[in-house]
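Secondary and tertiary structure notes
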Amino acid sequence: MRIPEREDAETFADAVRKGLLASRKTLPCRFFYDEIGSRLFERICELPEYYLTRTEDAILREHAGAMVEGWEGPITVVELGSGSSSKTRRLIAAAIEAHGALHYMPIDVAATLLEESARALSREFPALRVTGLAGDYRAALAVLEGTLRGPTLFVFLGSSLGNYGDEAARALLGQVADAMGPGDRLLLGTDLAKDRATLEAAYDDARGVTARFNRNILIRINRELGAAFDPARFAHEARWRDDLGRVEMHLVSLGAQEVRVPGAGIVARFAPGESIHTENSHKYTVDSLRALAEDSGFVEDGAWTDAREFFRVQRWRPRDP
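Residues numbered from 1 in each chain as written. Predicted model: local features only at pLDDT ≥ 70, side-chain atom pairs only at ≥ 80, totals over all residues. Heavy atoms only, no water.

Of the voids in this model, the second largest pocket is the one considered here, and its volume is about 190 Å³. Taken together, 13 residues line the second largest pocket, and the ones lying closest to its centre are Asp-166, Arg-170, Tyr-284, Ser-288 and Leu-292. When residues of the lining of the second largest pocket are traced back to their parent elements, those giving at least two are helix H7 (166-179) and helix H10 (286-296). The leading source of residues in the lining of the second largest pocket is H10, at four residues. Each residue belonging to the lining of the second largest pocket can be placed in one class, and the counts come to six nonpolar, four polar and three charged. (1 Å grid on protein atoms, 1.4 Å probe; cavity = no way out; pocket = protein on both sides within 12 Å on 5 of 7 lines; lining within 4 Å. Points joined across faces, edges and corners; volume = space filled by probe spheres on them. Helix = DSSP H or I, 4+ residues; strand = E, 2+ residues; numbered from the N terminus. Nonpolar A, V, L, I, M, F, W, Y, C, P; charged D, E, K, R; others polar.)

Here it is, written out as structure tokens:
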């Protein structure tokens, strides 16, 4: 199922126009995930520096059974940002073992990747029914609200919530809460605050895959909006901001330049060293996560972490009215 997105090309052009004309240039990170960007991110998840995927997967491997228990019959799993569903396989296997069957509803903007993973999962798990939703989270949640029948586990892994600022994170989580019934649960994977060297290496790998991922947004602007960015004239940079509790990704102009973007109706001008801020990855503490749950209408009813306490997976239930 493809979720209709209102004026998608126009929305992209408007975001590029506003972001590149701002006094501090920025581009929304959701536009990273075209087909090329989504596949580059899959490669990032396999890099030695990117501890997040391995650590979260180890937690899921050990505790998936506990994460899907608490219901008497089959459940539905709705996953935000499913990608290739590689880690979710552990939850799928545990849910089928516990309940005999499962309806899995992955949401992702990359339609081709969604279709490929749905076919692979159907072959791997005969007791699984898959309904993919191609579109962004908020549009998909709006479609799902009031339509789900029976107990549902919403899944948001990979510390993707960290890409949102505090207000936007609360808004998204609040929308998830609105789509949930009292017997539903949210399983949320979040990265925890740690030392600067580990964090910055995770977003600036030695092989340069993350740099390619970051620059791909310029290639997308070229392709979809007729621009003429030279990605080689922008350096990838990852910065840990201790004051804000986040890693920032930037594309830094290597010299003075101007780039026409016909599809957005602008000329973007860059001074030497000026950057485009492309992504934030917030890192949490246990206290900040509990405060976020409370602010978003949830109560924690379970949590699991690794031995180093690098990463945390928590299960939240809607707070009683």
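And the narrative resumes.
Time to look at H10. When H10 is considered as a whole, its buried residues turn out to be Leu-289, Leu-292, Ala-293 and Ser-296. End-on view of H10: buried residues confined to an arc of 100 degrees, all on one side of the axis. Residues of H10 that are exposed and point more than 90 degrees away from the buried face comprise Asp-287, Glu-294 and Asp-295. Residues of H10 that are buried make contact with H7, strand E6 (185-191), strand E12 (298-305) and strand E13 (311-318). In the stretch just after H10, Gly-297 is the one whose phi turns positive, near 95 degrees. (Buried < 20%, exposed > 50% of the residue type's maximum accessible area, 1.4 Å probe, protein only. Arc of directions from axis to C-beta. Contact = heavy atoms within 4.5 Å.)

Glancing now at the pairing of E6. Working note: regular strand, side chains alternate between the two faces of the sheet. Summarising burial for E6: seven of the seven residues are buried, a large majority. In E6, alternate side chains face the same way, and those of Arg-185, Leu-187, Gly-189 and Asp-191 on one face and Leu-186, Leu-188 and Thr-190 on the other are all buried. With four bridges connecting them, strand E5 (residues 152-156) and E6 associate as parallel partners. Each residue of the ladder has a partner; that of Phe-156, found in E6, is Leu-188. Taking the sense of rotation as the criterion, the β-α-β connection linking E5, H7 and E6 turns out right-handed. With six bridges joining them, E6 and E13 adopt antiparallel strand pairing. Looking at the pairing, Leu-187 lines up with Arg-315 of E13. (Pairing = 2+ DSSP bridges. Right-handed = clockwise from strand over helix to strand, strands pointing away.)

Strand order across the open sheet formed by three strands is E7-E8-E11, with antiparallel pairing between neighbours. The two strands at the open ends of the sheet, each matched to only one other strand, are strand E7 (234-241) and strand E11 (275-282). If you compare each strand with its neighbour and ignore which way they point, the axes differ by 20 degrees on average. Across seven bridges, the pairing between strand E8 (residues 246-253) and E11 is antiparallel. Bridge assignment links Met-249 to a residue of E11, and that residue is Glu-279. (Axes fitted to C-alpha atoms, helices over the stretch in contact; angles between N-to-C directions.)

Okay, the pattern of salt bridges next. Using the criterion set out here, one finds 24 salt bridges in the structure. Members of the salt-bridge network, linked through shared partners, are Asp-34, Arg-220, Arg-223 and Glu-224. (Salt bridge = Lys/Arg side-chain N within 4 Å of Asp/Glu carboxyl O.)

According to the stated counting rule, one finds 14 aromatic pairs in the structure shown. Centroid distance Phe-41 to Tyr-50: 6.2 Å. Interplanar angle 85 degrees. Geometry classified as edge-to-face. Taking relative accessible area as the criterion, Tyr-50 reaches 6% and is therefore assigned buried. What links up through ring pairs into an aromatic cluster is the set Phe-32, Tyr-33, Phe-41, Tyr-50, Tyr-203 and Phe-213. Lying across the ring of Phe-310, Arg-308 places its NZ or CZ 3.9 Å from the centre. (Phe/Tyr/Trp six-rings, centres within 6.5 Å; stacked < 30°, edge-to-face > 60°. Lys NZ or Arg CZ within 6 Å of the ring centre and 35° of its normal.)

A word on the environment of Ala-95. Inspection of the secondary structure assignment puts Ala-95 in helix H4 (residues 88-99). A residue is classified by how much of its surface remains accessible, and Ala-95, at 0% relative accessible area, is buried. In the structure, Ala-95 is positioned 20 residues away from Ile-75 in sequence and 7.7 Å away in space, judged by C-alpha atoms. Setting aside chain neighbours within four positions, we find Ala-95 in contact with Val-68, Ile-75, Gly-100, Ala-101 and Leu-102.

This brings us to the nonpolar core. A general feature of soluble globular proteins is that nonpolar side chains tend to end up buried together. Core analysis: the biggest nonpolar cluster contains 66 residues, and Val-16, Leu-91, Ile-221, Phe-229 and Val-261 have the highest contact counts within it. With 29 residues, the next largest nonpolar core counts Leu-173, Val-176, Tyr-284 and Ala-293 among its residues. (Core = buried A, V, L, I, M, F, W, Y, C linked by side-chain atoms within 4.5 Å.)

At a minimum axis distance of 11 Å, the contact between helix H1 (residues 8-21) and helix H9 (residues 209-225) shows a crossing angle of 125 degrees. In terms of their interaxial angle, H1 and H9 are classed as oblique. Between H1 and H9 lies a crossing of left-handed hand. Across the interface between the two elements, Phe-12, Ala-13 and Val-16 of H1 pack against Arg-220, Ile-221, Glu-224 and Leu-225 of H9. Of the residues contributing to the contact of H1 with H9, the split by class is five nonpolar, no polar and two charged. (Parallel < 35°, antiparallel > 145°, perpendicular 65-115°, else oblique. Left-handed = near helix turned anticlockwise from the far one by under 90°.)

This next bit is on H4. In this model, H4 (twelve residues) spans 16 Å end to end at C-alpha, consistent with the 16 Å of a helix rising 1.5 Å per residue. Those residues of H4 lying buried are Thr-88, Leu-91, Ile-92, Ala-94, Ala-95, Ile-96 and His-99. Directly after H4, the chain includes Gly-100, whose backbone phi takes a positive value near 90 degrees. (Expected span 1.5 Å × (residues − 1).)

None of the figures reported here should be taken as evidence of function without further support.
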